[in-house]
Amino acid sequence: MNFFSATGRYSNRHRNLEFKVTTTFIISTLIALVGIFTGCQSITDRRNVRPLVLRDVPAQRLAYRFEADTNPPPEASREETTDKLEAIQTDFNTRRPDDALLRTVVSPDNQRALALYGTESEPSSAFRIDLYSVDGKFLRNLTPPDLSGVFPETVSWSTDSNFIAFIGHRGVKPTPSPTPVDVSPESLPEALPSPSVGPAFAPVALFNTEQIYICNRDGLDLRALTSREGLIYFYFAWAPDNHGLVALACREGEWDARAREYKLPAGRPRLLQLDGKERLLDDGMTEALPVWSPDSSKVATAFDTDVAIYDASGNPATQARVPLREVSIKAAIAFEEKGMKKTEGEAPGAEPAGLPVSFNPIVRLEWATPEMLYFQTAYVRLIPNDPINTFQRWHRLILSAQAAVLK
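Everything numeric here is computed off the predicted structure, so don't read it as measured data. (Residues numbered from 1 in each chain as written. Predicted model: local features only at pLDDT ≥ 70, side-chain atom pairs only at ≥ 80, totals over all residues. Heavy atoms only, no water.)

**Q** How do you make sense of the sheet that holds strand 19 (residues 362-369) when you look at a structure like this?
**A** In any sheet, the strands associate via hydrogen bonds between backbone groups, in a parallel or an antiparallel arrangement. The sheet built from 4 strands is open, its strands ordered 1-21-20-19 with antiparallel pairing. Both edges of this open sheet fall to strand 1 (62-67) and strand 19, since each of them pairs with a single strand only. The sheet shows a mean angle of 25° between the axes of neighbouring strands, taken without regard to direction. Of the strand pairs in this sheet, strand 1 and strand 21 (residues 388-401) are connected by 6 bridges, and their pairing is antiparallel. Residue pairing for strand 21: A63 is matched across the bridge by S400. (Pairing = 2+ DSSP bridges. Helix = DSSP H or I, 4+ residues; strand = E, 2+ residues; numbered from the N terminus. Axes fitted to C-alpha atoms, helices over the stretch in contact; angles between N-to-C directions.)

**Q** Please explain the pattern of salt bridges as it appears in this structure.
**A** Between side chains of opposite charge, a pair can form as their charged atoms come close. Scanning all chains against the criterion turns up 18 salt bridges. A salt bridge links R112 to D218, with the shortest nitrogen-to-oxygen separation between them at 2.6 Å. Here R112, found in strand 3 (residues 112-118), pairs with D218, found in the loop between strand 9 (211-216) and strand 10 (223-224); they are 106 residues apart in sequence, far enough to count as distant. Residue classification places R112 among the partly exposed positions, given a relative accessible area of 21%. Residues joined by salt bridges that share partners form a network here, namely R251, E254, R268 and D283. (Salt bridge = Lys/Arg side-chain N within 4 Å of Asp/Glu carboxyl O. Buried < 20%, exposed > 50% of the residue type's maximum accessible area, 1.4 Å probe, protein only.)

**Q** Can you help me understand unusual backbone geometry in this one?
**A** Negative phi values dominate among residues other than glycine, just as trans dominates among peptide bonds. Backbone torsion omega between N315 and P316 reads 0°, so that peptide bond is classified as cis. As for its placement among the helices and strands, P316 is situated in the loop between strand 17 (306-311) and strand 18 (319-323). At F151, a position not held by glycine, the phi torsion is positive, near 55°. In this structure, F151 sits in the loop between strand 6 (147-150) and strand 7 (156-157). Of note in this structure, S296 is not a glycine but carries a positive phi near 65°. Here S296 is to be found in the loop between strand 15 (291-292) and strand 16 (298-303). Look at S296 and you get buried, because its relative accessible area is 5%.

Structure (structure tokens):
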């Protein structure tokens, strides 16, 4: 055996040994990585680690901190504007003197605008909608003649300017008293051929009670998003990411009963998808208009002094009720001790007999950031010509994820 042949056999055995060691190391590493990944997956599935963002926290796993009598959120100073685009108002003044322009609603991309207007042939509470460009050019009629719009403050564009939504019902037009008609053969007009031009509007479902309607940015494909005759849909709001709407609806009798007591309208909150699917969030009645979280993952409303938070999606979608009655009473007592004069002879710190006058239900919510939910309490009565809105106080909830227990 020479040196070269012995060295060759040694080299082959050395290479084979190195290959086996390397292969064993790689296989062991892969097995370890798979184990780590599987373990992480099982922990995530059990939801016992804190999510990175609040939108991933189910509503029932939210924690909160109550802060009373805070400054109002920036959105609170936002007022419904009745300003009208000057170019559209000019068009009404020159071409449409018989129509009264009520308001204009500009699309978020500032390209188009909705003109809400009343006509002499309709009740004062009803209106029609036309589509304009922002430079005042008329584009098309949006509502068909037999559909009347109601609740003008709810007419809105989706945040991406691709959809328009409003509330409407079957149009009610005053009919004149019939007059005698001469039906003698001599008085009958000559027969005319049927018109060959079809109607300007495609057929759309009509209802006697207020329903939500939706169409595209061109004012086409108009359809009823809701179709529950007998329910009054009186409020809706677009999700920030445009995937759906939150709405309030009640029965006609419930609407009339609250109106007789001069109370704010109240309804049951529900989520609407753009394909018309509807999910009832709660069977309780609320007068606090629901709001979306900025990340579109949740919806909040209130029942008296409780804040309710719902998942907008999820399987299963959860909900949470935040009871605030006791802390709100204590906050009202502190508020009155600080800012209102005590009656003569009352000992400092004494709790007044009965509930404090500044203790009132929640009437408004503003979700400023995913972690910060503001709400306003007040006493409200809608007395004609003399509405009451007193003891307006803002508070807030600081939201976070509940502490997780690692197993």
